[in-house]
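One-letter residues, chain by chain:
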Amino acid sequence: MPLLSRQQRSAAVTLHQIPNTIKTDSFWMPFTANRQFKKAPRLFSSAEGMHYTTVDGRKVIDGSAGLWCVNAGHGRKQIAAAVERQLMTLDFAPTFQMGHPLAFDFAERLAEIAPKGLDRIFFTNSGSESVDTALKIALAYHRATGQSSRTRLIGRERGYHGVGFGGTSVGGMVANRRAFATLLPGVDHIRHTHDLSRNAFAKDQPEHGAELADDLERLVGLHGAETIAAVIVEPVPGSTAVLPPPKGYLQRLREICDKHGILLIFDEVITGFGRLGTPFAANFFGVTPDLMTTAKGITNGTIPCGAVFASRKVHDGMMVGPENQMELFHGYTYSAHPTACAAGIATLDIYKDEGLLTRGASIAEYWRDALHSLKGLPNVVDIRNCGLMGAVELAPRAGVVGARGYDVMVDCFNTGLYLRMSGDSFAMSPPLIVEKSHIDQMVSILGDAIKKVA
């Protein structure tokens, strides 16, 4: 292994940033074909603004805001400074029977931008934890209000709700479920809304499919409304490659839940914090859930953090019994961690000062038209968009699902674009600071890769 030069040492370059010197055996990578990746690693060493820099010094435009989380762009010194100050002031404080001021300040700031009525905040550390927390709150709420028969949870096919046992159980992505035989009992799923036969190449929300929300009525008839605690959906599924809801679908789902006393949970881990050109998807679609899960953009991806936004109805319904009695037997060691709160408040300051929670609305049309310009390229069978989310779907190679998608993804990386691959689809959602020139570059690189791999 070569020695570091004096120049490298002074620039704080580590051995991990020098090509061909990193040892890859020890790190068991998540959601990765480890053996395939480690034969030809794709490694980032730094990031700023809209770009990553690879270990060999190439600039790669970030087409997916990291993992849907770097909403304000990379390298925000304001957040880093807030984290440093907090670590030097209060590195940790418990929030079990104790507290620290930043936790309450951060909750107040989140309540200010929340959809009306969703202003009670429970802190977690990730989207997966937010989902499991929301599911538990739903169950606990019904028990506290005298409806303990409501224990059933309803998810949706092709939904992704993290990797906890609760989120995996209500999730509907087959590969995420089939390897884990033991999942939660009492879980069912409504149909997904992906319909290429009627909605291929739809711009924004598809015209057809609002009636698919009625599948919840089928499960009410099968199980009985009195057994169902909650329905959880992503307003716009992201991990399954961006499936905008048909017009009227979410409104219809809300009406059915109200009719039968079922709590509606929106998983906004991806769509939250400006992704659609509004603070939350609930604002964008004009539908307010009873519980809303968030994470990712809450700290611009800098420090792990998540939050469940609860309605007054749910929160106040649990504030019963003696005052010295815990209302919810649930929480995490790092709930409202001081450093995460500091990062979150600094992130909200940036969102406010730069108007990033609504900026996407001003560029969404350009984004939509640029993506749909790829229609007609070889093997492109669908293009979808909503706000600053988008996806391009390719036909799979015969008998080898995902192979064409992988080849396109690698070609994009090699020519300067990072995007998320989901089978033979590509999900894209850039940082909210994106400019039209960035969009042009992203679409050009992806289009060339599709043509080359065809």
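Residues numbered from 1 in each chain as written. Predicted model: local features only at pLDDT ≥ 70, side-chain atom pairs only at ≥ 80, totals over all residues. Heavy atoms only, no water.

**Q** A description of the sheet that holds strand 11 (residues 380-386) should follow, citing residues and the corresponding values.
**A** Taking strand neighbours across the sheet as the criterion, the 4 strands line up as 11-12-15-14 in an open arrangement whose pairing is antiparallel. A strand with exactly one partner marks an edge of an open sheet, and here the two such strands are strand 11 and strand 14 (420-422). Strand-to-strand twist across the sheet, computed as the mean angle between neighbouring axes with direction ignored, equals 20°. One ladder, built from 4 bridges, connects strand 12 (residues 389-394) with strand 15 (residues 425-428); its direction is antiparallel. Counted as the bridge partner of E393 is S425 from strand 15. Contacts from helix 15 (residues 356-372) reach strand 11, strand 12 and strand 15, with the element oriented near 175° to strand 11. (Pairing = 2+ DSSP bridges. Helix = DSSP H or I, 4+ residues; strand = E, 2+ residues; numbered from the N terminus. Axes fitted to C-alpha atoms, helices over the stretch in contact; angles between N-to-C directions. Contact = heavy atoms within 4.5 Å.)

**Q** Just give me the short version of the pairing of strand 5 (residues 152-156), but keep the residues and values in it.
**A** With 4 of 5 residues buried, strand 5 is to be regarded as a mostly interior element. When strand 5 meets strand 7 (residues 228-233), the two strands line up parallel, connected through 3 bridges. From the neighbouring strand, I154 faces strand 7, where its bridge partner is V231. Pairing analysis gives 4 bridges linking strand 5 to strand 6 (residues 187-190), with the strands arranged parallel. Paired with R156 across the strands is I190, a residue of strand 6. (Buried < 20%, exposed > 50% of the residue type's maximum accessible area, 1.4 Å probe, protein only.)

**Q** Can you break down the domain arrangement of the protein residue by residue, with the values?
**A** For the protein, the domain assignment lists domain 1 (34-75 + 358-453) and domain 2 (78-356). Distance between the C-alpha centres of domain 1 and domain 2: 26 Å. Counting the surface domain 1 buries against domain 2, the share from its top three residues, W68, C386 and M389, is 21%. Counting across the domain 1 and domain 2 interface gives 1 salt bridge. Here D204 makes a salt bridge to R368, at a shortest N to O gap of 3.2 Å. Here domain 1 and domain 2 share 20 residue pairs in polar contact (both at pLDDT 80 or more) between them. Contributing elements (two or more residues each) for the side of domain 1 that touches domain 2: helix 3 (65-68), helix 15, strand 11, strand 12 and strand 15. Looking at the side of domain 1 that touches domain 2, its residues break down into 18 nonpolar, 11 polar and 7 charged. (Domains from an automatic or database assignment. Buried area = accessible area lost by both parts, 1.4 Å probe. Salt bridge = Lys/Arg side-chain N within 4 Å of Asp/Glu carboxyl O. Polar contact = N/O pair within 3.5 Å; in protein donor to acceptor, adjacent residues only side chain to side chain. Nonpolar A, V, L, I, M, F, W, Y, C, P; charged D, E, K, R; others polar.)

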